[in-house]
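# Architecture and fold: a report
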Amino acid sequence: DPQQLELVTSGKRKLRRFIVIDEVVDELYGSKVREYFEENNVQHKILALPTTEETKSMDLVLNILQEVQSFSIDRRMEPIIAIGGGVCLDIVGLAASLYRRRTPYIRVPTTLLSYVDASVGAKNGVNFLQCKNKLGGYTPPVASFLDRSFIQSIPRRHISNGLGEILKMALMKHKGLFDLLKNHGKYLLDTKFQSYSGSADHRDAALQTTRIAIETMLEELAPNLWEDDLDRLVDFGHLISPELEMRVLPSLMHGEAVNIDMAFMTYVAHARGLVTAEEKEQIIQCMRGLELPVWHGACSWTLIKKALMERLKHSGGQPRMPLPTGLGVAEIFNDTSEETLERAYKLWVRD
C-alpha cells in the first residue's frame, strides 16, 4: 500500500501488527517471528493459542477479539496476521470479519492441508453444537503468504492428511496431478514437500504438486466465491466426512475423513458404472500409497444415511454428489438411488 509505505519510510508512524499464531507453531518458529518484527521495527502483539478442532469455537474468536481491542488496531491499515494450520486460519478469518464489520487479515499456512486448501478461497468459521463450521462467513484475506519450509517440521501423518485434499483435486479435475501423486507420493512424504536439487527422478514434484493443486482449486472457487452455485466439484469427499469427523474427534484428521468419504464415493461411482474396476483399484491403491485411511469402523450405513440427509438440507434439496467419471474427470449427480448406495457400501465393507 503506497500510503502505508510513505508513512513508514517518512518515520511519521510506526508499523503495528497483531499476530495470532498456533501454540505448536509458536514453539517452533515464535522466536524467528518475534525477531523479524523487532528487526523491522514493527510494534507487535503475538497471541499464541491452541487451535484444534476441539477448541474451534466462538469462545476462542471472542478471546482473540478482546486482545485485538486492547492492542487497538487501525482496520484500514493494520491487517491481523494468522500463522498456523487450517483451524487457526479459519478462526482468525472469522474474528477479523467480525471486528468493526471487516478488518483485513493475512493467512500464513503452516501445514500442507492449509497450504493447498485453507489458504485459498474466502470461507472462515468455527464449530457449533457439535457441527463442523456451522458458524462462519465469506471474507477473503488480503493475502496468503505461502512458504513450504514450514511443512518440514510437521509430522508425517499431517503431510498424508494434506495429501487427501490434493488427491481430491486430482480425482475431480487433473489426471496429471493424479499421476504425480501415484508416482511420487512416497517421495513427497519422505521429503516433506521440500525441493531438492539433484533429485532428477522426481523433478520438482513438491512444487508441481502444490502448484497444480492450488491452481485447480482456484479454478473451481474463483467464479463461485460466495457459493451461489451449489454444484461444486470441491465438495467431493465432503458429503459424509463432516459427520464422521465430528463423531470421532480427535481420532481422525480432516484430510483423513475426507479420504474415507472419497473412498466410499469411488465405490459409488463404480457401482454406477462411472469408473471401471481397474480405475477404482488404481484410486484405492493411490490412497494407500499416500498412507491415507480408506475405511473407518464408525462409518456405518446409519451414519452415511444421516450425513446424506444433512447434505440435502444444505444443498437446496438435491444431493449434488460429485463423482469421478474416470481418472481426473468428474460430474455432479442428483440421481443416485439408495439401492446403488447400499450396494456400493456392501462392496466397500467387504473389501
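All figures in this text were calculated on a predicted structure; none of them were measured in a lab.

## Here we look at the overall build of the chain
The number of helices and strands found in the chain is 13 helices and nine strands. In terms of overall size, the chain behaves like a compact globule, its C-alpha atoms giving a radius of gyration of 21 Å where 351 residues would be expected to give roughly 20 Å. Sequence-distant contacts in the chain: of pairs separated by 6 or more residues, those separated by 24 or more amount to 75%. Split by element, the accessible area of the chain, about 16000 Å² in all, is 51% carbon and sulfur.

## Notes on the UniProt feature "domain: 3-dehydroquinate synthase N-terminal" (unreviewed entry) in the chain
With numbering matched to this structure, UniProt assigns "domain: 3-dehydroquinate synthase N-terminal" (unreviewed entry) to residues 48–160. In residues 48–160, the share of helix is 35% and the share of strand is 25%. The end C-alpha atoms are 26 Å apart.

## Some details on the layout of surface pockets
Considered as a void within the structure, the second largest pocket measures approximately 710 Å³ in volume. Taken together, 23 residues make up the lining of the second largest pocket; nearest its centre are Tyr36, Phe37, Ile81, Val108 and Phe145. Elements with a contribution of two residues or more to the lining of the second largest pocket: helix H1 (2–10), helix H2 (23–39), strand E3 (80–84) and strand E4 (105–109). In terms of residues, the lining of the second largest pocket owes the most to one element, H2, which gives five residues. Across the lining of the second largest pocket, the residue classes tally to 15 nonpolar, four polar and four charged.

## Focus: the sheet that holds strand E1 (residues 16–22)
Backbone-to-backbone hydrogen bonds join strands into a sheet, with any given pair of strands oriented parallel or antiparallel. Pairing in this open sheet of five strands is parallel, and the strands run E2-E1-E3-E4-E7 from one edge to the other. Two strands lie at the open edges of the sheet, namely strand E2 (43–49) and strand E7 (143–144), each paired on one side alone. In terms of strand pairing, E1 meets E2 through seven bridges, oriented parallel. Residue pairing for E2: Ile19 is matched across the bridge by Ile46. This element, H2, spans E1, E2 and E3 of the sheet and lies at about 160 degrees to E1.

## Some words on H2
For H2, with 17 residues, the first-to-last C-alpha span of 22 Å sits near the 24 Å given by 1.5 Å per residue. Roughly 70 degrees is the biggest bend found in H2, and it falls at Tyr29. Within H2, the full set of buried residues consists of Val25, Asp26, Tyr29, Gly30, Val33 and Phe37. Looking at the buried positions of H2, the neighbouring elements they touch are E1, E2 and E3. For H2, the side-chain oxygen to backbone nitrogen distance between the N-cap and Val24 is 2.9 Å, and the N-cap itself is Asp22. Following H2 by one or two positions, Asn41 adopts a phi angle in the positive range, close to 55 degrees.

Rules and cut-offs
Residues numbered from 1 in each chain as written. Predicted model: local features only at pLDDT ≥ 70, side-chain atom pairs only at ≥ 80, totals over all residues. Heavy atoms only, no water. Helix = DSSP H or I, 4+ residues; strand = E, 2+ residues; numbered from the N terminus. Rg over C-alpha atoms; globule rule 2.2 N^0.38 Å. Contact = heavy atoms within 4.5 Å. Areas by Shrake-Rupley, 256 points an atom, 1.4 Å probe, with all protein chains shown as cover. UniProt positions renumbered as here; feature names shortened; annotations may be inferred. 1 Å grid on protein atoms, 1.4 Å probe; cavity = no way out; pocket = protein on both sides within 12 Å on 5 of 7 lines; lining within 4 Å. Points joined across faces, edges and corners; volume = space filled by probe spheres on them. Nonpolar A, V, L, I, M, F, W, Y, C, P; charged D, E, K, R; others polar. Pairing = 2+ DSSP bridges. Axes fitted to C-alpha atoms, helices over the stretch in contact; angles between N-to-C directions. Expected span 1.5 Å × (residues − 1). Bend = angle between axes of the 7 residues up to and from the residue. Buried < 20%, exposed > 50% of the residue type's maximum accessible area, 1.4 Å probe, protein only. Polar contact = N/O pair within 3.5 Å; in protein donor to acceptor, adjacent residues only side chain to side chain.

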